[in-house]
Amino acid sequence: MTNIQQNKILIIDFGSQYTQLIARRVREIGVYCELVPYDVNPYFIEKFNPSGIILSGGPDTVNQNDSARAPNIVFDLKVPILGICYGMQTMAVQLGGEAKSSKKAEFGFAQIRARNHSNLLTDISDEINSQGHGLLDVWMSHGIEVTKLPKDFELIASTDSCPIAGFANSKKNYFGLQFHPEVTHTKKGIQILERFVTTICQCGKSWTTKNIIDNLLEKIKSQVGDKKILLGLSGGVDSSVVAMLLHQSIGDQLTCVFVDNGLLRLNEGDEVMKTFSQNLGVKVIRADAQEYFYDQLSDEADPELKRKIIGGAFIEIFNQEAQKIKDIKFLAQGTIYPDVIESAGAASGKAKVIKSHHNVGGLPDNMQFELVEPLKELFKDEVREIGVKLGLPKKMLYRHPFPGPGLGVRILGQVKKEYTDILRRADHIFMEELNNQGLYEKVDQAFAVFLPVKSVGVTGDERRYDFVIALRAVETVDFMTARWARLPYDFLDHVSNRIMNEISRVSRVVYDISGKPPSTIEWE
Ligand code: XMP
């Protein structure tokens with residue numbers, strides 16, 4: 001088996017909102033990388049044995065006393081280093097240069113002029129000016145800048161307002177860029193990163209979807225051998241891709257359990273069964289547990305407690321099903337790399353928990369299984385590409401995210417079967433129309449919410465006194481912040497009419513115009 005992680009890049013995270021983007025870009029180029037917090041144990045860095053290091057941006061002010069620093073070991077390893085924004089500033093300060101508040105903070109597009117023909121930027125430009133200098137359109141976001149180069153460094157880029165917008169020590173292969181090559185606004189950003197990882201760090205491009213799949217299939221086989229394995233299949237992207245990988249690798253040794261909790265979207269249970277069991281030949285047990293879930297939820301209105309109840313009920317049902325199957329040795333989970341990064345952040349106290357997210361993965365320690373987590377080094381876009389290659393329907397892989405507790409957190413307060421039936425139909429109409437009008441892909445998440453308040457309406461000559469449906473659609477890159485989607489009024493009008501005409505228990509439809517922050521995407 002080829003080692004597709006032999007040449008790899010380590011990204012040191014100083015907390016920029018773009019750090020995961022750097023990692024995704026490096027992987028798109030075809031090179032494996034990992035991301036660690038700046039205060040990671042230096043021993044980890046040494047053991048990781050990177051071919052190059054990228055220091056990310058971050059929110060700290062580099063000339064303040066307690067601001068974050070790159071661990072010294074990165075400068076002892078004798079590998080190329082690229083510092084981006086804060087990463088450049090701290091590199092400057094740590095190596096004897098200086099950084100100060102900029103006269104004018106820069107946020108947005110800027111044009112930089114490349115200088116001195118550095119290994120990093122040579123022959124990469126958007127245009128050439130009349131004096132023959134390469135110019136690059138880039139994305140800047142900083143209030144501090146390097147004001148004095150460290151010893152043995154030279155200037156490689158500048159703008160009118162930021163004289164040191166890039167520097168290099170070409171002997172050591174250390175580079176700093178004040179702008180962000182990882183964002184798409186920097187048009188040639190991907191070429192710059194590619195130059196760094198492939199030419200300067202000399203990493204081969206072995207991180208490809210085909211190689212990843214071949215490796216995973218082998219790894220699963222060698223871990224699981226001829227033993228039996230169990231997977232909680234939710235029909236979401238991650239567990240679906242795990243199911244396909246396991247199915248291809250070890251076939252019949254896999255049993256999936258699909259728990260129908262009564263909080264799924266219209267026809268969802270049947271569709272999951274059809275895709276996996278009928279079309280793909282995966283062994284799936286369907287546990288119909290709607291009544292059990294409704295029963296458990298019947299007296300609870302608090303969002304967090306509802307999440308806990310749903311999580312607990314899932315474990316209970318899953319456990320019951322697992323016990324019916326003899327000799328299970330392994331349990332598979334669809335943990336992906338951002339979950340790993342997030343829990344590492346949570347462990348070091350750097351991530352705040354706003355809502356406890358229940359995923360199918362949250363099973364108790366006392367289940368005596370060994371874990372198999374084939375996706376734990378992969379980003380979501382890599383998981384999707386693997387899914388496409390393994391033959392899963394695109395519609396399933398590119399669906400908007402759906403929370404683990406499902407409609408349970410989209411019915412405000414107490415959950416009742418009567419409410420789920422109304423919400424399911426309203427949500428279905430909204431999705432159908434988004435698809436019909438080509439708007440589904442234009443938003444990143446859309447859904448309906450059931451509000452258990454009654455409002456007065458009129459149909460023909462009759463007065464209605466019934467429930468309210470809220471429509472929510474957002475545009476977001478990372479789901480951490482979001483903007484409400486500016487859907488066309490005529491479209492909203494059409495959806496609203498359909499919902500009220502087709503569902504007699506709804507007397508009013510509203511559209512949610514709250515951004516995140518201050519609101520969250522889900523209503524609970
Ligand atoms: P919020 O509401 O926190 O949502 O802005 C951000 C993203 O997370 C999803 N979400 C959940 N996913 N279990 C999940 O698996 C949960 O309990 C949960 N709560 C929110 C939400 O749909 C959005 O994509």
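This is a predicted model, so every value here is computed, not measured.

Basis of the calculations
- Residues numbered from 1 in each chain as written.
- Predicted model: local features only at pLDDT ≥ 70, side-chain atom pairs only at ≥ 80, totals over all residues.
- Heavy atoms only, no water.
- Helix = DSSP H or I, 4+ residues; strand = E, 2+ residues; numbered from the N terminus.
- Expected span 1.5 Å × (residues − 1).
- Buried < 20%, exposed > 50% of the residue type's maximum accessible area, 1.4 Å probe, protein only.
- Contact = heavy atoms within 4.5 Å.
- pLDDT = per-residue confidence, 0-100.
- Pairing = 2+ DSSP bridges.
- Axes fitted to C-alpha atoms, helices over the stretch in contact; angles between N-to-C directions.
- Salt bridge = Lys/Arg side-chain N within 4 Å of Asp/Glu carboxyl O.
- Polar contact = N/O pair within 3.5 Å; in protein donor to acceptor, adjacent residues only side chain to side chain.
- Parallel < 35°, antiparallel > 145°, perpendicular 65-115°, else oblique.
- Nonpolar A, V, L, I, M, F, W, Y, C, P; charged D, E, K, R; others polar.

**Concerning helix H5 (residues 189-200)**
Next, step 1: Counted at 1.5 Å a residue, the expected span for H5 with its 12 residues is 16 Å, and the 15 Å between its end C-alpha atoms agrees.
Next, step 2: Regarding H5, the residues found buried are Gly189, Ile192, Leu193, Arg195, Phe196, Val197, Thr198 and Ile200.
Next, step 3: The inward-facing, buried residues of H5 contact strand S1 (8-13), helix H1 (19-29), strand S3 (52-55), strand S4 (81-84), strand S7 (134-148) and strand S10 (174-177).
Next, step 4: Looking one or two residues beyond H5, the residue adopting positive phi is glutamine 202, at roughly 60°.

**Thoughts on the confidence of the model for the protein chain**
Next, step 1: Counting all residues, the mean pLDDT for the protein chain is 93, and 96% of those residues have values of 70 or more.
Next, step 2: The low-confidence segment residues 350-361 (pLDDT under 50) makes 25 contacts with residues lying over four places distant or belonging to another chain.

**Here we look at the sheet that holds strand S8 (residues 154-158)**
Hydrogen bonds along the backbone pair up the strands of a sheet, which may run parallel or antiparallel.
Next, step 1: With respect to topology, 10 strands assemble into an open sheet ordered S2-S1-S3-S4-S10-S9-S8-S5-S7-S6, the strand pairing being mixed. Each having just a single partner strand, strand S2 (32-37) and strand S6 (127-128) make up the two edges of the open sheet.
Next, step 2: In this sheet, S10 lies alongside strand S9 (residues 166-169) in antiparallel orientation, the contact comprising four bridges. The residue of S10 that forms the bridge with asparagine 169 is tyrosine 174.
Next, step 3: Against the sheet, H1 touches S1, S2, S3 and S4, its axis set at about 165° to S2.
Next, step 4: Those strands touched by helix H4 (residues 86-94) are S3, S4, strand S5 (98-114), S7, S9 and S10, and its axis lies near 115° from that of S4.

**A closer look at the sheet that holds strand S14 (residues 328-332)**
Next, step 1: Spatial strand order, S13-S12-S11-S14-S15: five strands in an open sheet with parallel pairing. What marks the edges here is a single partner per strand, and that holds for strand S13 (284-288) and strand S15 (370-372). For this sheet the average axis-to-axis angle between neighbouring strands, irrespective of direction, equals 30°.
Next, step 2: One ladder, built from four bridges, connects strand S11 (residues 228-232) with S14; its direction is parallel. Looking at the pairing, lysine 228 lines up with isoleucine 328 of S14.
Next, step 3: Of the strands in this sheet, S11, S14 and S15 are in contact with helix H6 (residues 209-224), which crosses S15 at around 170°.
Next, step 4: Lying over the sheet, helix H8 (residues 268-279) contacts strand S12 (254-260) and S13, oriented at roughly 165° with respect to S13.

**Some thoughts on the pattern of salt bridges**
Two side chains carrying opposite charge are able to pair once their charged atoms lie near each other.
Next, step 1: For the structure on display, the rule yields 31 salt bridges.
Next, step 2: Notably, a salt bridge pairs glutamate 304 with arginine 307, separated by 3.5 Å at the nearest N-O pair. Residue glutamate 304 and its partner arginine 307 are both found in helix H10 (residues 303-324); the two are separated by three residues, about one turn of the helix.
Next, step 3: Note on glutamate 304: relative accessible area 27%, which makes it partly exposed.
Next, step 4: Residues joined in a network through salt bridges with shared partners are Asp260, Asp270, Arg286 and Asp288.

**Some points on the environment of glutamate 524**
Next, step 1: With respect to the helices, strands and loops of the structure, glutamate 524 is situated in the segment after strand S19 (506-511).
Next, step 2: Glutamate 524 sits in the buried class, given a relative accessible area of 10%.
Next, step 3: Separated by 207 residues in the primary sequence, glutamate 524 and isoleucine 317 place their C-alpha atoms 24 Å from one another.
Next, step 4: Here glycine 413 takes part through its backbone nitrogen, which lies 2.8 Å from a polar atom of the side chain of glutamate 524.

**Describing the pairing of S10**
Every regular strand shows the same layout, with side chains that alternate between the two sheet faces.
Next, step 1: Alternating residues of S10 divide into Tyr174 and Gly176 and Phe175 and Leu177, and every residue in both groups is buried.
Next, step 2: What sits between the antiparallel neighbours S9 and S10 is a turn of four residues, in which asparagine 173 has the positive phi angle 60°.

**Re the packing of H6 against helix H12 (residues 380-389)**
Next, step 1: Where H6 meets H12, the closest approach of the two axes is 10 Å, and the angle between their N-to-C directions is 80°. In terms of orientation, H6 and H12 fall into the roughly perpendicular class. Along the contact surface, H6 presents Thr209, Ile212, Ile213 and Leu216, while H12 presents Glu385, Ile386 and Lys389.
Next, step 2: Partitioning the contact of H6 with H12 into residue classes produces four nonpolar, one polar and two charged.

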